[in-house]
Amino acid sequence: MTDILWSLIIPLAIILVCNIVLFVLIKTKTLQRLKLKKNLIIILLVVTLVPLFTTGYVSHRKMSSVLLNNVCEDLRSIGRTRALFIEEKLEEAKIDTETIAKNWIVIEVLRQISLEKTNKTDPNFGTLFKNAHGHLSRIASTKGYEDIMLISADGKIELTCDAHLAEVELDVSAEPCFKEGKEKTHFTGLFYNKFAGKNLMWITTPCFDMQGRFAGCVILEMGMKRIYNLLVDREGLGETGESYLIDREKFMISESRFIKDAVLRVKVDTVGVNEGLNGKTGVTVYPDYRNTPVFGSWHPIKYTNWVLLVEKDEAEAFAPVWANQINYIILLSVTVIMVVVIAVFSA
């Protein structure tokens, strides 16, 4: 509403001032004391340029306002859609982890290891253990997870899928994933897993036996491929737009469009990141990690301390406005020349 009022008030004020000035010049006979040629030039310039300036000003403000709203809404919409997709994938992993922890074969394996202290060489336990391994391997393969691990109550990895057997017997009792995962489902941040040789995240959830006793934890190891495939999609983002994730330490956890190998290396401290880490969503103009002015929207990601940023360079976003201004200046210049030429020849 304010933009509309100013778009009307300022042009009207300019027209009023010009009319008052022209009226004063006429009343004081200033124009009459000038030569006809000059009179024509002045009058034609005033009559021609005032409407042009007025139209140009209103057009510029209106176009800028509409473009600003469109860019902000587009970035907000893209960010909201992608944030929901990421949250759905995390929710799916959370449900899978909690479902595995309630599976009777998983409960029995962890109960015998943690509570009954069953010897792993026991033939009956060996059969149970083998069945559990096959069951978890099938889930990991079908769902596309990197690994599914069973952790004893004292924090040792007792079972993994075939790809990560080197992690068996690893003690994670001092790790936050185990300490937090003993109480409720816990998401780690993205980290480099030296056994897998890639960046992964863990979802940990507690496992209890039928009497409600803590028997251990289930850890689901998840890659970021499906999320990355979404983030590299540039549709609707033009030549300079990008979407990326930031963790609680303000490090990039997805690739940058402009910096190679940015994951867990490039730190981003911008308005969008700080607002997102405070649990807020929004969109505005600010300098990005390249110190380039961008339109950016930010969206906190559920279950994690991540923030999704969707950004587009301000220069590209406002390119139509700059092009319109250039065309307007050319039109104005041509008009002034034509008015002067007409006045000269009319005299």
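Up top is the structure these notes are about.
Draft legend 1. The arrangement of helix 4 (residues 104-114) in detail. Burial of helix 4 is extensive: nine of the eleven residues sit out of reach of the surface. Every buried residue of helix 4 is listed here: I105, V106, I107, V109, L110, R111, Q112, I113 and S114. The N-capping residue of helix 4, defined by a side-chain oxygen 3.0 Å from the backbone nitrogen of I105, is N103.

Draft legend 2. Structural context of the pattern of salt bridges. In total, this model carries 14 salt bridges according to the counting rule given. D313 serves as the salt-bridge partner of R290, at 2.7 Å between the closest nitrogen and oxygen. Here D313 lies in strand 10 (residues 306-313) and R290 lies in the loop between strand 8 (282-287) and strand 9 (293-301), a separation of 23 residues in the sequence. Here R290 falls in the partly exposed class, since its relative accessible area comes to 27%. What emerges from the salt-bridge pattern is a single network uniting E108, R111 and E116.

Draft legend 3. Spatial organisation of the packing of aromatic side chains. Taken as a whole, this structure holds seven aromatic pairs when the rule is applied. A centroid spacing of 5.9 Å and a plane angle of 45° characterise the contact between F125 and F129, whose relative ring orientation is tilted. Taken together, the residues F125 and F129, both in helix 5 (residues 123-143) and four residues apart, mark about one turn of the helix. The partly exposed category is assigned to F129, whose relative accessible area is 23%. Here the aromatic residues F178, F208 and F214 are joined through ring pairs into a cluster of three or more.

Draft legend 4. Here's a closer look at the nonpolar core. Judged by nonpolar contacts, the single largest core of 52 residues is most densely connected at I86, V106, M222 and L245. Looking at this core element by element, the count peaks at ten residues for helix 3 (residues 36-101). Counting 13 residues, the second largest nonpolar core, distinct from the first, contains I246, A262, V268 and V273.

Draft legend 5. Seen up close, the side chain of T160. Position of T160 relative to the elements: it lies in the loop between strand 2 (157-159) and helix 6 (176-181). Looking at T160, the relative accessible area reads 1%, which means it is buried. Residues in contact with T160, not counting those within four places in the same chain, are H133, D147, I148, M149, L165, E167 and V168.

Draft legend 6. Examining the side chain of D313 more closely. Using a relative accessible area of 11% as the deciding quantity, one classes D313 as buried. A polar contact of 2.7 Å, which involves the side chain of D313, links it to the side chain of R290. Non-local contacts of D313, meaning those with residues more than four positions away in its chain, are made with T240, R290, T292, P293 and V294.

What counts and what doesn't
Residues numbered from 1 in each chain as written. Predicted model: local features only at pLDDT ≥ 70, side-chain atom pairs only at ≥ 80, totals over all residues. Heavy atoms only, no water. Buried < 20%, exposed > 50% of the residue type's maximum accessible area, 1.4 Å probe, protein only. Helix = DSSP H or I, 4+ residues; strand = E, 2+ residues; numbered from the N terminus. Polar contact = N/O pair within 3.5 Å; in protein donor to acceptor, adjacent residues only side chain to side chain. Salt bridge = Lys/Arg side-chain N within 4 Å of Asp/Glu carboxyl O. Phe/Tyr/Trp six-rings, centres within 6.5 Å; stacked < 30°, edge-to-face > 60°. Core = buried A, V, L, I, M, F, W, Y, C linked by side-chain atoms within 4.5 Å. Contact = heavy atoms within 4.5 Å.

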